[in-house]
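# Structural characterization, general
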Amino acid sequence: MKQYKAPVLLNQQVSNRYWHMIVNTSMLDQSVEPGQFFQIRCADKYTPFLRRPLSVYRINEHTTEFLYLVKGKGTTEMTTIEQGDTIDLMGPLGNGFQIDSSMKTILLVARGVGVATLAAVAQAAYNKQIHCVAILSARTKEDLLAAEFLEGFGADVYKVTEEDGTSDVTNVQSIITNEIFGKYKIDCIYTCGSRRLSKLAQEMSTNYDIPGQIALEEHMGCAMGACFACVCDVMDGDVTKSVRVCIEGPVFPLRKVVIE
Amino acid sequence: MKQYKAPVLLNQQVSNRYWHMIVNTSMLDQSVEPGQFFQIRCADKYTPFLRRPLSVYRINEHTTEFLYLVKGKGTTEMTTIEQGDTIDLMGPLGNGFQIDSSMKTILLVARGVGVATLAAVAQAAYNKQIHCVAILSARTKEDLLAAEFLEGFGADVYKVTEEDGTSDVTNVQSIITNEIFGKYKIDCIYTCGSRRLSKLAQEMSTNYDIPGQIALEEHMGCAMGACFACVCDVMDGDVTKSVRVCIEGPVFPLRKVVIE
Amino acid sequence: MMKKLNTEVKIGTLTLKNPVMPASGAFGVEMQDAIDFNQLGAILPKSITKYPQPGNAKPRVCETTAGMINSIGIQSKGIDYFLSTIIPSFDTFEPPLIASISADSIEEFVEMSTILGNNGSVSALELNISCPNLKGDGSAFGMDKSVTNKLISEVRQVTELPLIAKLTPNVTSIQEIAIAAEKGGADALNVANTLLAMAIDVDSKRPLIGNVMGGFSGPAVKPIIVRMIYQVAQVSSLPIIGCGGIMNGRDALEMIIAGASAVQVGTASFIHPTALTDILNEIETYLIEHDIDDINELVGSVIV
Amino acid sequence: MMKKLNTEVKIGTLTLKNPVMPASGAFGVEMQDAIDFNQLGAILPKSITKYPQPGNAKPRVCETTAGMINSIGIQSKGIDYFLSTIIPSFDTFEPPLIASISADSIEEFVEMSTILGNNGSVSALELNISCPNLKGDGSAFGMDKSVTNKLISEVRQVTELPLIAKLTPNVTSIQEIAIAAEKGGADALNVANTLLAMAIDVDSKRPLIGNVMGGFSGPAVKPIIVRMIYQVAQVSSLPIIGCGGIMNGRDALEMIIAGASAVQVGTASFIHPTALTDILNEIETYLIEHDIDDINELVGSVIV
Ligand SMILES: Cc1cc2nc3c(=O)[nH]c(=O)nc-3n(C[C@H](O)[C@H](O)[C@H](O)COP(=O)(O)OP(=O)(O)OC[C@H]3O[C@@H](n4cnc5c(N)ncnc54)[C@H](O)[C@@H]3O)c2cc1C
Ligand SMILES: Cc1cc2nc3c(=O)[nH]c(=O)nc-3n(C[C@H](O)[C@H](O)[C@H](O)COP(=O)(O)OP(=O)(O)OC[C@H]3O[C@@H](n4cnc5c(N)ncnc54)[C@H](O)[C@@H]3O)c2cc1C
Ligand SMILES: Cc1cc2nc3c(=O)[nH]c(=O)nc-3n(C[C@H](O)[C@H](O)[C@H](O)COP(=O)(O)O)c2cc1C
Ligand SMILES: Cc1cc2nc3c(=O)[nH]c(=O)nc-3n(C[C@H](O)[C@H](O)[C@H](O)COP(=O)(O)O)c2cc1C
Ligand code: FES
Ligand code: FES
C-alpha cells in the first residue's frame, strides 16, 4: 500500500448517477486483485476531509478503472476532475476475492454500484476461463450498469429493476433457484451492494451448500487497520468476532458474515 | 457594494513576485474609483478562509484590473485561477482618491505593490489632463512594476531600488525636494505602500503645505464596516479618532493619519 | 395548493418572523447595501459597553483552517452613542432590535439593562457574559455557574424584556451554566460565543492576533457548537439560539434539529455578504422539500 | 560545513530522538507499509483497557469541515492481548514504546500501570484520562482537578516510568488540570485529546456518529489546542506534548513555538499516510532554513 498521484485518463458520466474514471496506475509496484479498493482523495481540500473507498472496477495492465455513484460531497467533487489532472489515491488495499481456477461456473449477485466491485471478478473469471452468471439489480434500467461489459466477458446476465417490478427478493430468489440452478452447477456465489440480496445469497449458499464471498462496505477512517472505524462482525465458529473491513476484508466468506 | 462572480480574462505572472489579473466587470452597477478596492475570494475553499482586499489597478469601461503580490496562502491560490474561470469578488468598496480637475501636477509616491493602487490615480489624472510625477520604490528593478504604464500616461517616473542603493528615505527626500520640487509645483501628494515613505510624504506635505492623500492597508474581516477589525487612528483636530479603513478609508487625508 | 409555511419562532415573549438573525459583532447598519434587513428575524448590533472603549491591539483578525480568530475587544463608543445614533440608524427596519450588552461587572450589566430595558426601540437584551477578550486571559462571567446565576437574576429584577444569556463554549459543562442561567431568569440561551484560540506565525514566532489569544469562529467550530446545543436542550426548556460556524441553510438546520429555536450567523457574512438571507431561503426550501409546515416541528427533532 | 542538527527532546527521563510521534488510536503496526517506524520519536499504540471491550455503535467516524469526529469507544482486546501480541509486534523497531492506558476507575489505572510498568518493552505510560467516549455523556476523569491529581498520584506510586497525562480540552481551565497533574507527579502533559462534538444529517435527522457524540480532531481544532499549549506552558514546567490538528511541519512547529516539546499526529495519517515522516522532514528543513541547531531552542519561543 502506497500513496500515489495518478494521472486521470478519463472521467465521464455514464448514466444519471454514475461516473466512470480511468487512471494511469503504471507506477504501482504491486498487482491489484478484484475486490481490493483504493482510498481516493476526492479533492485537494479539507472539505470533503476524509478519503473515499472505491473498489476497482476493471484492472488493466497500466490502468485501473473505477465506477462510482455520485452520492455526497466527496463523489460530487470527483466529478470535477478532468482528464489530465492527477488524483491522489492510496492502495491497493484489503483482501480481494478468491477466484479458484478449478471452478467452472460462478454466480454474481450485484445491486446498484456493487456491480463495480463484481465486474472485476467477471473480468478475472474470464481470464481463468470460468463462466459467469450474473444477477444485476438496480432502481432503474438506466442504473443497470456494466451489463454489456459483463456480457463481453461471456457472462449470462439477468437484469432486475424496481422500474420493472422485478427486483424484489422473492423474484430474485426464484430466478436463482428456478432458472440459474436449473441450468448451471454454481461453484461459488459472489455478492456486493445490498443487504437484502446478501442475505438471500447467504441463504442460498447455506441451503445449497455453495461457497460464497461477499464484499462489505463500512465507513472508514484510516483504511490501514489502525483506527477500528470500519469493523463488522463475522462468526468464528460459534462466537462473533469483530473484524476490520479495510484490512481483514472487504471480502469475507459469505456464510461467516453477520449481516445486520 | 455587491458580490459578483466575474469572468477572468487574464491572470498572468508579470515578474518574479507579481501577477496581473483582468476581470470582466461589466455587470457592476456602479462606477469604480481609483483607491477603491474589491474583496476577493481567492479560492472556493475554506482555506484560505477570509477574502483578500485588492485595490483596483486599472479601471476600464468593462473590465477591472488587479496587480497583486504573491505573498501568502490567498494570493498563491489566486495564481491558479485560469482565463475562463470566474472569480468571486465583492465591491467596489471604500472611498477612493479625490482627484480634483483643477490640479495641474501631482506627485505619486509608491513603494512595492503600492504602485497598483496609485496606477489607477495616474490613469484618472491623465483623463483629467493632470500631469503626474511618480517615485516608484522597490526591492529590485524587476519589482519596479507599472513604470511603463505610468509613462504611457505621460508621467515622469523616478525609480529607486535597494538593488541600486537608491531607495533609502534620504535619497528619496532629496529627489523630491531637489529635483521634483525644483521642476514642478505639486498640487497634491498621493502615497501608498510603505510606512517610511508615507512618513516622508507626510512631512513633505506639512513642511511644504501641499495637500496629500494616503491609501492605508489593514487586515480585514468583513470589509463592510461591521466588525472593526481594520481600524487605524486619524487626528480629528487634537484628538485621535479610530476609523475603519474598509469603509471610512482606505484613502485618508495624508496629514491626518497617525502612521505607526 | 401551497400550504402556508410557518417560520415564526418565539424567544421568550418575543416573536421572530423567522429564526435567522445576525451574530453580534459581525453585523452593522453598513450591511444594508448587501442584504434586505427586513427579511431578518431580528436585528442585533455589536455588543456595547457603558463607556467608550478603544478595542484591542492589531492585527485583530486572522484566519485559520476553515475559521478565523478575532480579538476586536468590543471597540465601542459607549451606551450614549448607542442610544443616540446606533438605535435610530435601525429605526426604519421592521425586525425587532436585540441589544447586546457587554460589561465589566454585574452592577454595570444591571445599570445598562435598566437603561436599555426602558428604551422603546429595544425588544430584547442579549447579555454577552462570554466575551473571551476581556482582561484576565480569556476568562468570562459565563465560566462560573454562580456568577452566571447572580448576574442574570439581578438583571432580571430591572427589566421585563426577554433576556438572552450568551453562553461561552469554553467550559467543562455548558449544561451547568445553562441551568444556572435558566434559574436566574433568562428567557433564552445563546449557544454560544467564540472558542478561545490562538495562532502563531512560525516564521516570525509572533501570534497572528495582536492580543495573543482571541475568539474562534467559522465552520471549523460548528461540531462543538452542535454538540453543546444538543446537550443544553437535554437539560433546559428555554429556547436556544444556535451560533457558531453556520455557513449555509443546512448548517442552520443542523442546529435547529439539535435543539435550537433560532440561529445567529456571524463570520459567514464576511465570506458571503448575503449569507443571512441566503440561509433563510435555504431553510425555507428545505421545509418545502421535506413537507414541513412549521419550523417549530424541527426544533430538537434529532433522532438518537 | 553542515552543523549537526539536534532534534532530541526529553519527556521526563525518556529521550526521544525527535519530537514526532503518532497519536494514540490513529496508529497501528499495520502502518509499517506506509512509513518507516524507525524514523519516529516514539511508538504509541491505541489505548488499551484491562478487559476486552467491543467498542461503540457504527458509524464510528464522520467528517466535518476540516475535521472528523470519531467514537470508536476504545475497542480493545484487553491488556493480556496487548502484552502477548501488540507489544511484541513492535519489538523489531527502535523507537521507545509508549503504552496508552484507558481505564474505568483509578484502581484499574493503578493496576494496569503496575503491569505495564514492569514490562521491559514499555518506555513510558500515557494515561488517557480524557477519552470523551466513555459512559457519562462525554465526561472524563481529566475534567476534574482533584480526580486528576488523585489518579496521577496513585499511579505515580506504582511505577518509575515517565508518566504522560493526556488532558482533555473540554474544560473551563486546562491550566488548573495541568497543575493538578503536575502536582500529582506527572512527567509530561499531552495537550490534548479530542473535543467533544456532534454532527447531524439534516435529511435523516440522525447523528452522523452511532454513539451520538464523539471526539473531534483534525486541522479545524488546531487553534484551540495551540491556545491550550500556550496556556499550560505559562503555568507548568513539565514538557508538553502537543496534539490536535497537526497536518504538516508548520503546524507541528506552531505547537512547539507555543510551548510543546514534542507533538503527536493522528488524523493527518488518514489523509496522508506518510504524514508522520513528512512532518519530521519539514521540521528539519525549517530548522536548517532558520539556522537553528537545537529544536529545544524553539520550545515556547513565541514572542508575545
Ligand atoms: C471497500 C469499499 C468499496 C467501495 N467501492 C465502491 C465503488 O466501487 N463504487 C462506488 O460508487 N462506491 C463504492 N463504495 C462506497 C463509497 O465509498 C461511498 O459511496 C462513498 O464513500 C460516498 O462518499 P460521498 O462523498 O459521495 O458521500 P458522503 O455522504 O458525503 O460521505 C460521507 C462519509 O460517509 C462515508 N460513506 C458514505 N457511504 C459509504 C459507503 N457505502 N461505504 C463506505 N463509506 C461510506 C464516506 O466515505 C464519507 O466518509 C465502496 C465502499 C467501500 C467500503
Ligand atoms: C485596501 C487594500 C488594498 C490592497 N491592494 C493591494 C493590491 O492592489 N495589490 C496587492 O498585492 N496587495 C494589496 N493589498 C494587500 C493585500 O491585501 C495582501 O497582500 C493580501 O491580503 C495578502 O494575502 P495573502 O493570502 O497573500 O497573505 P497571507 O499572509 O496568507 O494573509 C493572511 C491574512 O492577512 C491579511 N493580510 C496580509 N497582508 C495584508 C495587507 N498588507 N493588508 C491587508 N491584509 C493583509 C490577509 O488578507 C489575510 O487575511 C491591499 C490591502 C488593502 C487593505
Ligand atoms: C469580528 C467578530 C466580532 C465579534 N464581536 C462580538 C461581540 O461584540 N459580542 C458578542 O457577543 N459576540 C461577538 N462575536 C461573536 C459572534 O457573535 C459569534 O458568537 C461567533 O462569531 C460565532 O458565530 P459565527 O461562527 O457564525 O461567526 C464576534 C465575532 C466576530 C467574528
Ligand atoms: C479514530 C481515532 C481514534 C482515537 N483513539 C484514541 C485512543 O484510543 N486513545 C487516545 O488517547 N486518543 C485517541 N484518539 C485521539 C488522538 O490520539 C488525538 O488526541 C486526536 O485525534 C487529536 O489529534 P489529531 O488532530 O492529530 O488527530 C483517537 C483519535 C481518532 C481520530
Ligand atoms: S478504517 Fe481504520 S481500521 Fe479500517
Ligand atoms: S473590515 Fe470589518 S470594519 Fe473594516
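In this report, the structure presented in the accompanying data block is examined. (Residues numbered from 1 in each chain as written. Chains lettered and ligands numbered in written order. Predicted model: local features only at pLDDT ≥ 70, side-chain atom pairs only at ≥ 80, totals over all residues. Heavy atoms only, no water.)

## Quick look at the overall build of chain C
For chain C, the count of helices and strands is eight helices and 13 strands. Computed over its C-alpha atoms, the radius of gyration of chain C comes to 18 Å, within 12% of the 19 Å expected for a compact globule of 304 residues. Looking at chain C as a whole, 65% of its 304 residues qualify as buried. Residue pairs in contact within chain C that sit at least 24 positions apart in sequence constitute 70% of those at least 6 positions apart. Of the accessible surface of chain C, which amounts to about 9900 Å², a share of 50% is contributed by carbon and sulfur atoms. Across chain C, the mean location of the 20 positive side-chain charges is 6 Å away from that of the 32 negative side-chain charges. (Helix = DSSP H or I, 4+ residues; strand = E, 2+ residues; numbered from the N terminus. Rg over C-alpha atoms; globule rule 2.2 N^0.38 Å. Buried < 20%, exposed > 50% of the residue type's maximum accessible area, 1.4 Å probe, protein only. Contact = heavy atoms within 4.5 Å. Areas by Shrake-Rupley, 256 points an atom, 1.4 Å probe, with all protein chains shown as cover. Lys, Arg positive; Asp, Glu negative; His and termini not counted. Charge placed at Lys NZ, Arg CZ, Asp CG, Glu CD.)

## Notes on the sheet that holds strand E9 (residues 188-191) of chain D
Residue and element names in this part refer to chain D. With parallel pairing, seven strands are arranged side by side in an open sheet as E3-E13-E12-E9-E8-E7-E6. The outermost strands of the open sheet, each flanked by one partner alone, are strand E3 (20-22) and strand E6 (97-101). In this sheet, neighbouring strand axes are inclined to one another by 25 degrees on average, regardless of whether the strands run parallel or antiparallel. Contacting E3 and strand E13 (262-265), helix H8 (residues 275-289) runs over the sheet at an angle of about 165 degrees to E3. (Pairing = 2+ DSSP bridges. Axes fitted to C-alpha atoms, helices over the stretch in contact; angles between N-to-C directions.)

## Focus on the sheet that holds strand E4 (residues 61-64) of chain D
Strand order in the open sheet formed by four strands is E4-E5-E11-E10 (chain D), with antiparallel pairing between adjacent strands. Across the chains shown, the open sheet's two edge strands, defined by having one partner strand only, are E4 and strand E10 (195-197) of chain D. The mean inter-strand angle of the sheet, taken between neighbouring strand axes irrespective of direction, is 35 degrees. Judged from the three bridges that link them, strand E5 (residues 67-70) of chain D and strand E11 (residues 214-217) of chain D form a sheet pairing that is antiparallel. Across the sheet, residue Ile69 of chain D finds its bridge partner in E11 of chain D, namely Phe216 of chain D. Sheet contacts for helix H5 (residues 222-235) of chain C: E4, E5, E10 and E11 of chain D; angle to E10 of chain D, the most-contacted strand, approximately 65 degrees.

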